[in-house]
Amino acid sequence: MAYTKIPKVKEDDVLECFLYPKICYTKPSITITEEILLQEITKFNEVIAPYIEGYIWHNDNLIFHPRTKEALLLEKLIENSTTVGECNILPHIYIRLRFDEDISDEWFVVFLIFKLTQAFNGLIAKVIDSDGEFLLIEAANVLPPWANPETCENHVFIYNGELHIIREKHKTWLDLLNNLWEKPYFYRASEKVQDVLKRRINIYPSEIEKRHHKARVFLPEKAVSILRQEPRLIALIIRTICHSDPLERKVCRAMKYFPPEQRIMVNVKMTKCLYAMANHCRYTGDPRTGWNIPPITYSKYNAHILGIKIACGLEMLIARANEELRRREKRSVNNSEKLKANEDVLNTYLSRLEVNGYFKNLLKGSEEYEKLLNAAKDYYFKYFNLYNSITDINKSDAEKVLEAWENIQSNDVELHAQDEAALSPADSDSWLNVDPIQLETFLNEKWGNTKSKKHKQESLSLKEKVQMFLNQNSDIDGVQFLEDLSTEVDGMYDPEDNGKVDFDADIFDSTLRGILDLAVPGNEGEFEGSSEGSLGEDDEDKRNEMDKYMRLLNSEIQSQIEKDEDSETNKSSDVIEDNLLKSITEEAGGSGPTGNIIGRPARQLLHLQLQSPTTVPPDLQS
């Protein structure tokens with residue numbers, strides 16, 4: 001039975017993870033219930049708890065969702081999806097995380113997934129985002145030639161803390177997972193690929209503390225109380241103010257919930273990404289509110305501005321929460337309409353189950369049929385209530401701020417006043433400024449020095465290039481030349497050129513004339529009737545010049561051959577040269593493997609020199 005493969009992520013800045021415990025692909029899928037998957041999720045949370053404690057998520061928190069065939073079918077029915085017929089999947093545990101501007105969240109989750117696959121025997125994981133198999137993109141420079149988006153899509157997995165690529169085609173999803181579990185050594189990626197990914201994720205967990213930034217902020221007292229209750233709300237607050245529009249900012253004129261009159265200086269912990277976003281946000285509050293912003297030269301200017309932005313973000317969130325409550329009251333409908341809507345979804349759900357063989361072709365009204373029917377209905381009502389509760393939680397971020405504001409205690413004000421004198425110094429924000437040398441160093445560490453690689457390739461002689469070519473292993477696409485491997489690098493924009501094209505007209509003219517004036521072997525009357533304008537005016541001078549060039553080339557070849565004959569260490573080079581000369585002779589100046597290597601003009605000149613005096617046209621003989 002074929003199982004639907006995982007589709008691509010359509011939204012940007014979204015990570016999707018699919019976790020398959022061993023029981024999900026070694027036992028019949030019909031026996032895997034949500035309760036079993038929830039037990040696995042409990043174990044997962046215990047393992048990752050030490051890492052995520054105190055972690056500030058930029059947008060979404062890491063949440064594991066149990067997924068069975070019935071759950072996905074019902075979820076799509078509730079969402080009015082048109083793809084409900086494509087839910088023939090294996091049971092698994094699902095993660096969907098939106099990381100928005102901070103890609104660190106994505107790689108932190110990848111680090112946790114690698115840890116989980118190491119901790120649990122048989123656990124197989126797959127991670128994708130809008131770029132597809134982004135783990136292979138990270139290791140693109142060390143991938144084998146056959147690894148491309150077409151061959152690797154839906155064939156990349158994480159197992160036992162390592163990356164695996166399954167090259168088998170036309171396999172069901174169940175077969176892929178079982179093959180990986182039975183023969184992981186057969187699909188394990190190379191050590192170079194493993195090293196690249198390990199370097200990328202092994203910066204955690206130490207990187208968690210490095211990405212934090214402690215800032216000095218001048219905040220209203222009620223805002224301080226909220227952040228002390230829920231420190232992770234700082235991400236929601238800063239994203240709200242940075243993504244707001246002038247219409248949403250109108251509520252910041254009155255500052256009903258966080259007035260500027262009572263403010264204190266405090267330390268606020270956030271991520272460096274959030275701090276950079278807040279600093280680059282141009283909104284500095286409404287001047288009619290009475291913020292009393294100090295001069296820009298004042299040492300505490302940044303603390304005042306950052307405090308205004310955070311307070312305004314909180315003000316907008318509470319205003320948004322109140323608006324959501326008002327809309328919810330207006331949208332409330334009577335119980336009969338709710339029941340009718342639920343019955344329509346339930347009937348559709350049951351009909352889909354019947355189409356997918358859930359009732360096993362049992363006779364309606366039979367005892368076994370009624371048993372399955374009641375089980376499906378119980379599951380429906382249980383999941384429907386769970387889905388609604390999850391939806392409400394996802395929509396209640398602003399309501400959390402409103403709830404925290406309502407729970408502020410009056411004695412918090414005195415506590416804040418006592419803490420202001422004992423503040424620790426803020427972290428330096430010099431990391432915001434990166435000079436060109438640091439950027440160049442970072443790029444070289446990440447991607448290597450492409451210029452030095454190019455110069456190294458250009459310094460190779462013809463013999464070394466041919467020897468390297470002969471030593472390469474061919475794959476399905478053949479052997480590539482060094483020049484082919486660096487084509488994309490050569491075509492990239494070089495900032496040192498300032499966008500200019502380096503063109504030497506004299507060299508181009510002489511090269512073109514040399515190609516047009518080159519005489520090739522042929523009949524004696526081959527050029528009879530040619531006009532002087534097409535072949536040049538001084539044919540005799542050009543022939544003499546060609547003769548001199550041919551004599552010089554002959555002397556160089558003879559001297560090189562004599563050197564090679566005297567040296568016993570260059571026997572392999574002699575074989576290569578003999579083969580090259582023999583190939584050039586047999587090709588007779590035409591196209592061929594050797595001629596393509598050394599180029600068209602050179603093969604024609606060498607062919608002319610290798611011909612006997614009797615076969616060379618009289619006008620080219622000395």
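Refer to the structure presented above.
Residues numbered from 1 in each chain as written. Predicted model: local features only at pLDDT ≥ 70, side-chain atom pairs only at ≥ 80, totals over all residues. Heavy atoms only, no water.

## Remarks on the pairing of strand β6 (residues 162–165)
Residues Glu162 and His164 of β6 are buried on one face, and the alternating residues Leu163 and Ile165, pointing to the opposite face, are buried as well. Two elements, strand β5 (residues 156–159) and β6, share four bridges in a ladder whose sense is antiparallel. Looking at the pairing, Phe157 lines up with His164 of β6. Hairpin connection between β5 and β6: a loop of two residues separates the two successive antiparallel strands, and Asn160 in this loop has a positive phi of roughly 55°. (Buried < 20%, exposed > 50% of the residue type's maximum accessible area, 1.4 Å probe, protein only. Helix = DSSP H or I, 4+ residues; strand = E, 2+ residues; numbered from the N terminus. Pairing = 2+ DSSP bridges.)

## Some remarks on unusual backbone geometry
For the bond from Tyr204 to Pro205, the omega torsion is 5°, close enough to zero to count as cis. Summarising the element assignment, Pro205 is placed in the loop between α9 (191–201) and α10 (206–210). Positive phi values are uncommon outside glycine, yet Asn160 reaches one of about 55°. Within the chain, Met255 stands out as a residue other than glycine whose phi angle is a positive 50°. Locating Met255 in the fold gives a position in the loop between α12 (233–242) and β8 (263–271).

## Observations concerning a negative patch on the surface
Taken together, the side chains of Asp12, Asp13, Glu101 and Asp131 define an acidic patch exposed on the protein surface. Given the relative accessible area of 57%, Asp131 is considered exposed. (Patch = residues over 30% accessible without salt bridge, like charges linked within 9 Å, V, L, I, M, F, W, Y side chains within 5 Å. Areas by Shrake-Rupley, 256 points an atom, 1.4 Å probe, with all protein chains shown as cover. Salt bridge = Lys/Arg side-chain N within 4 Å of Asp/Glu carboxyl O. Lys, Arg positive; Asp, Glu negative; His and termini not counted. Charge placed at Lys NZ, Arg CZ, Asp CG, Glu CD.)

## Quick notes on the sheet that holds strand β4 (residues 124–128)
In space, the six strands of this open sheet follow the order β2-β3-β1-β4-β5-β6, with antiparallel pairing throughout. Each edge of the sheet is formed by a strand with only one pairing partner; in this case those strands are β2 (65–67) and β6. On average, adjacent strands in this sheet sit at an angle of 30° to one another, irrespective of strand direction. (Axes fitted to C-alpha atoms, helices over the stretch in contact; angles between N-to-C directions.)

## Here we look at the environment of Arg263
Inspection of the secondary structure puts Arg263 in strand β8. For the pair Arg263 and Lys222, spaced 41 residues apart in the sequence, the C-alpha separation amounts to 8.8 Å. Those residues in contact with Arg263, other than ones at most four positions away along the chain, are Phe218, Leu219, Pro220, Trp291, His304 and Ile308. From its side chain, Arg263 meets the backbone oxygen of Pro260 in a polar contact 3.0 Å long. (Contact = heavy atoms within 4.5 Å. Polar contact = N/O pair within 3.5 Å; in protein donor to acceptor, adjacent residues only side chain to side chain.)

## A few points about the side chain of His164
By secondary structure assignment, the location of His164 is in strand β6. On the basis of relative accessibility, which here comes to 2%, the residue His164 falls in the buried class. A distance of 3.2 Å separates the side chain of His164 from the backbone oxygen of Glu162, its partner in a polar contact. With residues up to four places along the chain from it excluded, the contact list for His164 reads His155, Val156, Phe157, Tyr159, Leu180, Pro184, Tyr187, Arg188 and Ala189.

## Section: the nonpolar core
Counting residues in hydrophobic clusters, the biggest one holds 48 residues, and the most contacted among them are Leu19, Leu62, Phe64, Ile113, Leu135 and Leu163. The element that contributes the greatest number of residues to this core is helix α4 (residues 104–119), accounting for nine residues. Not counting residues within four places of it along the chain, the set of residues in contact with Leu62 comprises Ile48, Trp57, Ile95, Leu97, Val109 and Leu112. (Core = buried A, V, L, I, M, F, W, Y, C linked by side-chain atoms within 4.5 Å.)

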